[in-house]
Amino acid sequence: MRVALFITCVNDGLFPNTPQAVVEVLERLGHQVVFPTQQTCCGQMHLNAGYRQEGLHLAQRFRDVFNDYDVIVSPSASCVGTVRDLYATSARSLGDEVLADDLEEVGRRTYEFSEFLTDVLHVTDVGASFHHTVAYHPTCHSLRVLGLDEAPKELLRHVEGLTLVEIAHEDECCGFGGMFSIKNSDTSVAMGQDKLAHVRATGADVLCALDNSCLTHIGGLASRARSGLAMMHVAEILASREGASHV
Amino acid sequence: MLSSIATALGDHAHRTSLSTTREYRVEGSRGALERRDLLMDRLVDYRAHVVQCDNASLSTTINQLLLVHGSRSVAMPADVPATWTDSLEAHVHRDDPVLSVTDLDEIDSTVSGCAVAIAQTGTIILDSGVHQGRRALSLIPDHLIVVIFDEQIVEVVPEGVARLAPDSAQTWISGPSATSDIELERIEGVHGPRTLDVIVVSSATEL
Amino acid sequence: MSKVFDTELPFPTLAKTALADAQLRANLAHATTTIRDKRLKVVGELDDWEQLRSAGAAIKDYSLDHLDELCVELERNVIAHGGIVHWARDAKEANEIVVSLVQATGVDSVVKVKSMATAEIELNVALEQHGITAYETDLAELIVQLGDDLPSHILVPAIHKNRSQIRQIFIDEMGKSGLAAPEGLTNDPAALAAAARAHLRQRFLSAKVAISGANFVIADTGSLVVVESEGNGRMCLTLPETLISVVGIEKILPNWQSLEVFMQLLPRSSTGERMNPYTSIFTGATTGNGPSNFHLVLIDNGRSSALAEDTGRDVLRCIRCSACLNVCPVYERTGGHTYGNPYPGPIGAVLVPQLRRGERTPLENSLPYASSLCGACYVACPVKIDIPKILVRLRSEVVDATRASARPRTPRDESRREGLFVSSALPTRHCHGWAGRAPAAAEPAFLTAAAQQVERGSRCATSAGDVISHVVRSDTPRRCRPGTRAGHSTCTADPPP
């Protein structure tokens with residue numbers, strides 16, 4: 001299958017390992033990955049902050065850049081949620097039904113990475129190996145906007161050597177919330193500290209999630225606490241062949 | 001004020017209509033005996049005290065509950081039959097002429113029938129109708145005894161709602177009065193009767 | 001003395017203080033996690049919970065879509081059962097009406113059942129200004145009132161207090177307004193509840209006038225439904241001679257059968273019980289079985305403004321269960337006072353800016369941003385209000401308001417509001433004015449004039465004139481005008497022939 005990669009601005013700027021891991025896994029599974037170079041930020045921040053017109057310029061760009069691709073995959077549940085849901089809602093709120101339909105159409109071709117593996121490729125074992133104790137944080141976008149609950153955990157359970165532990169009150173928000181971490185930083189930190197405490201209580205070496213944005217928030221608090229906890233995107237774990245018992 | 005509402009809504013063509021299909025459960029699936037058991041189970045869960053009896057022993061059952069509570073006086077709706085009262089040792093005050101608030105405050109217990117009982121939620125509904133009387137009767141004395149007959153028990157809320165006359169003055173009771181206002185710890189017995197006794201009356205063969 | 005919310009500080013500033021209050025955070029964390037678990041348990045028992053949610057949302061949407069017709073039907077049925085209906089466009093009018101009604105009875109104190117609507121309009125303050133004491137009878141409201149405090153939660157307003165704090169309030173304050181707290185009162189919740197019972201009992205048995213709200217009002221029967229736990233509602237709704245119920249127009253349900261849905265959704269979502277201990281349902285005056293004088297005061301106070309919004313109007317589905325508060329990670333850590341008004345939490349953040357449209361204080365501008373958009377509230381809401389979606393929409397209104405003018409804003413700045421609508425390009429179905437709707441033949445001339453004025457204004461929704469305070473139909477009995485005594489010969493409430 002020919003898969004167009006939507007990297008996201010956060011990954012492009014701060015976490016290039018994540019999209020590299022996506023490419024590695026998909027190629028390992030025999031698919032061709034292409035990277036439309038004209039892509040930009042999806043506009044989630046703008047739309048969530050109330051800048052509809054500005055955000056929709058970026059939405060139109062997304063639609064145009066990814067026009068020729070049947071399948072678009074991204075390692076960010078929040079960006080995929082934006083493309084699939086927030087785009088059309090925002091266009092409709094300004095009365096632009098035509099744009100809304102266009103955006104819904106591109107949304108139907110856009111997948112979050114883990115859901116692409118389980119729901120489109122029907123794969124739960126990607127041949128990964130990662131010998132660590134791992135806690136999985138279900139991010140709000142992945143859980144409630146995309147409805148991803150068991151699927152990412154299934155992928156992790158099939159990783160050789162990986163011990164998956166459950167975080168108490170796992171479905172509680174970590175407090176990042178994008179704009180929220182800036183406009184309401186005190187509350188955001190309070191939520192993050194509680195999340196960090198729950199994660200540390202599992203004894204895991206690694207915390208993973210489907211969104212690097214949440215991991216920056218928890219990770220920042222973790223490093224200030226000198227917790228020794230590592231942050232990794234699920235894609236990076238799935239790309240890992242570390243200690244693989246077979247080649 | 002209506003004009004601002006109407007203006008906000010625009011013209012009628014765009015307004016939704018009410019669906020007649022009900023996708024949620026509208027009737028129960030349990031038989032009569034199971035319904036009764038479920039009701040009693042739920043009432044006990046609310047810390048109401050539940051006893052069963054047959055028609056013939058209703059009055060003695062009421063009497064027993066009054067004795068246990070130490071009641072010397074009991075208020076009753078004006079229309080309760082003699083079969084409810086003939087074995088009572090306590091002084092019976094029928095609500096005719098109407099008992100004053102002060103009278104009721106000095107009476108130990110009230111006995112009332114009900115209109116319908118919903119098993120799933122443990123709810124007893126009084127509608128000021130037959131053998132129930134005024135709402136104040138079941139409110140002021142500290143001990144309430146409600147008499148429920150098997151055929152008055154339904155399983156789910158929609159069945160209960162369907163049996164009620166909308167313009168009757170109703171009190172839906174699900175356990176004794178309670179509050180969770182203090183640290184969310186549920187405490188029974190604030191205002192209203194602090195003791196609730198329920199008598200479920202069945203025909204003798206079903207006990 | 002009644003305290004009211006009067007802060008204009010924005011949410012982040014207020015949050016900073018709340019977050020530092022360890023006692024508050026401990027109380028809130030304990031309370032919200034307890035009730036969260038209870039709710040999940042009883043909701044999990046029903047295999048048709050999602051269908052009930054959908055039905056609840058659909059019935060509410062229908063009611064909102066037909067609100068003008070249902071208002072008329074409701075009024076007719078309440079009057080037919082001996083009640084009197086009053087219409088209040090805003091808080092000021094509502095308070096004037098209630099004060100007049102109470103003054104007409106000659107009492108100087110009333111008992112109150114907990115009511116969000118009366119908190120919203122700050123009724124207790126208005127009564128006090130006219131020398132009328134309003135005694136709260138709901139335990140948590142009593143605690144808040146005795147402690148000269150502010151409510152912090154829709155359902156359990158004193159949740160920010162623990163048992164020791166409550167004990168101290170009772171010891172210090174009860175004796176000043178009635179029966180004092182007993183000697184040696186402990187902080188055991190059962191003992192505290194018993195103290196409240198004793199303190200309030202005499203008040204209940206002698207009260208002449210009660211004020212309540214309602215959880216639901218039913219258009220096709222004229223019935224009011226009051227859901228409670230303690231029995232104070234039953235006391236206030238049954239024993240006094242006069243009952244005044246203040247209800248927001250969005251509480252109207254179309255028909256009796258709708259209760260089968262809402263009497264399942266509300267108890268399970270609010271207190272996490274299969275059913276709450278007591279619900280009272282009555283229609284009109286219940287002479288011989290309750291108050292012989294019944295007044296229903298229906299309030300708008302910004303609701304018709306919210307009704308005009310295509311996304312935001314969903315907040316009017318709210319049945320005030322507070323499930324959203326209990327699952328909100330922001331509310332759990334900052335508590336109710338931080339939202340600066342009687343409606344805290346997720347629903348407060350979307351309801352208040354819409355009810356108070358046009359008053360852009362720093363607080364109201366900050367409320368839509370007081371959320372990480374986690375969506376837990378939407379999942380919990382029994383009537384499926386998509387709170388995150390509405391928050392984002394309200395944020396764009398805050399932004400657009402900044403765009404429209406660079407000059408400082410004043411409240412009720414009409415040109416700014418027009419700018420909002422022009423830039424927002426609302427779907428046209430909401431931009432029909434009164435034009436095309438012929439007034440009913442029986443309507444008096446001033447009503448027709450009002451309609452014409454609105455048509456000339458030809459703007460959407462919120463700018464509608466609000467020029468009439470109530471509809472007077474020539475075929476319905478004249479109601480008591482505020483200021484007259486009950487029993488006046490022209491004040492009949494006979495059903496129409």
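Please refer to the structure higher up on the page.
We now turn to the structure provided with this report. (Residues numbered from 1 in each chain as written. Chains lettered and ligands numbered in written order. Predicted model: local features only at pLDDT ≥ 70, side-chain atom pairs only at ≥ 80, totals over all residues. Heavy atoms only, no water.)

## Regarding the sheet that holds strand β6 (residues 163–165) of chain A
Residues and elements named next belong to chain A. In spatial order, the strands read β6-β5-β7-β8; together these four strands make up an open sheet with parallel pairing. Looking at strand neighbours, the two that pair on one side only are β6 and β8 (230–233), the edges of this open sheet. The sheet shows a mean angle of 35° between the axes of neighbouring strands, taken without regard to direction. By the bridge criterion, four bridges tie strand β7 (residues 206–209) to β8 in an arrangement that is parallel. Directly across from alanine 209, in β8, lies its bridge partner histidine 233. (Pairing = 2+ DSSP bridges. Helix = DSSP H or I, 4+ residues; strand = E, 2+ residues; numbered from the N terminus. Axes fitted to C-alpha atoms, helices over the stretch in contact; angles between N-to-C directions.)

## What about the pairing of strand β9 (residues 278–283) of chain C?
Counting buried positions over the six residues of β9 of chain C gives six, a clear majority of the element. Residues Tyr278, Ser280 and Phe282 of chain C line one face of β9 of chain C and the alternating positions Thr279, Ile281 and Thr283 of chain C line the opposite face, and both faces are buried. Sheet analysis places strand β9 (residues 170–173) of chain B next to β9 of chain C, joined by four bridges and oriented antiparallel. Of the residues in β9 of chain C, the one forming a bridge with threonine 171 of chain B is serine 280 of chain C. The pairing of strand β6 (residues 223–228) of chain C with β9 of chain C spans six bridges and is classified as antiparallel. When the bridges of β9 of chain C are listed, valine 225 of chain C appears paired with isoleucine 281 of chain C. (Buried < 20%, exposed > 50% of the residue type's maximum accessible area, 1.4 Å probe, protein only.)

## What to know about the sheet that holds strand β5 (residues 216–218) of chain C
Here eight strands make up an open sheet; going across it, the order is β8(B)-β5(B)-β6(B)-β9(B)-β9(C)-β6(C)-β5(C)-β8(C) and the pairing mixed. Edge positions in the sheet fall to β8 (153–154) of chain B together with β8 (252–253) of chain C, since each has one partner strand and no second. In this sheet, β8 of chain C lies alongside β5 of chain C in parallel orientation, the contact comprising two bridges. Looking across to β8 of chain C, one finds that isoleucine 218 of chain C is bridged to leucine 253 of chain C.

## Description of the interface of chain A and chain C
Each side of the interface is counted separately: chain A has 26 residues, and chain C has 31 residues. There are six salt bridges connecting chain A and chain C. With a shortest N-O distance of 3.0 Å, arginine 36 of chain C and glutamate 172 of chain A are connected by a salt bridge. Here chain A and chain C share 11 residue pairs in polar contact (both at pLDDT 80 or more) between them. Among the secondary structure elements, those contributing two or more residues to the side of chain A that touches chain C are α3 (44–49), α4 (52–65), α5 (77–93), α8 (140–145), α10 (180–183) and α11 (185–201) of chain A. Among the elements that line the side of chain A that touches chain C, the one with the most residues is α11 of chain A, at five residues. (Contact = heavy atoms within 4.5 Å. Salt bridge = Lys/Arg side-chain N within 4 Å of Asp/Glu carboxyl O. Polar contact = N/O pair within 3.5 Å; in protein donor to acceptor, adjacent residues only side chain to side chain.)

## Brief notes about the pattern of salt bridges
Counted according to the given criterion, the structure contains 46 salt bridges over all chains. As a salt-bridge pair, aspartate 142 of chain B and arginine 197 of chain C come within 3.0 Å of each other at their nearest N and O atoms. Taken together, the residues aspartate 142 of chain B in the loop between β6 (123–126) and β7 (143–149) and arginine 197 of chain C in helix α10 (residues 189–206) connect one chain to another. Given the relative accessible area of 23%, aspartate 142 of chain B is considered partly exposed. Between glutamate 45 of chain C and arginine 268 of chain C there is a salt bridge, with its nearest N and O atoms 3.4 Å apart. Here glutamate 45 of chain C, found in helix α2 (residues 22–45), pairs with arginine 268 of chain C, found in helix α12 (residues 259–270); they are 223 residues apart in sequence, far enough to count as distant. Residue classification places glutamate 45 of chain C among the partly exposed residues on the basis of a relative accessible area of 34%. We classify arginine 268 of chain C as buried; its relative accessible area is 1%. Connected through salt bridges with shared partners, the residues Glu172 and Asp194 of chain A together with Arg36, Glu332 and Arg333 of chain C form a single ionic network.

## Some remarks on the packing of aromatic side chains
Considering all chains together, one arrives at 10 aromatic pairs over all chains under this definition. With a centroid separation of 4.6 Å and an interplanar angle of 35°, the aromatic rings of phenylalanine 62 of chain A and phenylalanine 66 of chain A are classed as tilted. Residues tyrosine 331 of chain C and tyrosine 339 of chain C carry aromatic rings whose centres are separated by 6.3 Å and whose planes lie at 35° to one another, so their mutual orientation is tilted. Exposure remark for tyrosine 331 of chain C: the relative accessible area of 0% places this residue in the buried category. Grouping aromatic residues by their ring pairs yields a cluster made of Phe6, Phe62, Phe66, Tyr69 and Tyr87 of chain A. In this structure, lysine 183 of chain A is placed above the aromatic ring of tyrosine 369 of chain C, and the distance from its NZ or CZ to the ring centre is 4.1 Å. The ring of tyrosine 135 of chain C has arginine 203 of chain C lying over it, and the distance from NZ or CZ to the ring centre is 3.5 Å. (Phe/Tyr/Trp six-rings, centres within 6.5 Å; stacked < 30°, edge-to-face > 60°. Lys NZ or Arg CZ within 6 Å of the ring centre and 35° of its normal.)

So far we have only geometry, and geometry alone does not tell us how the molecule works.
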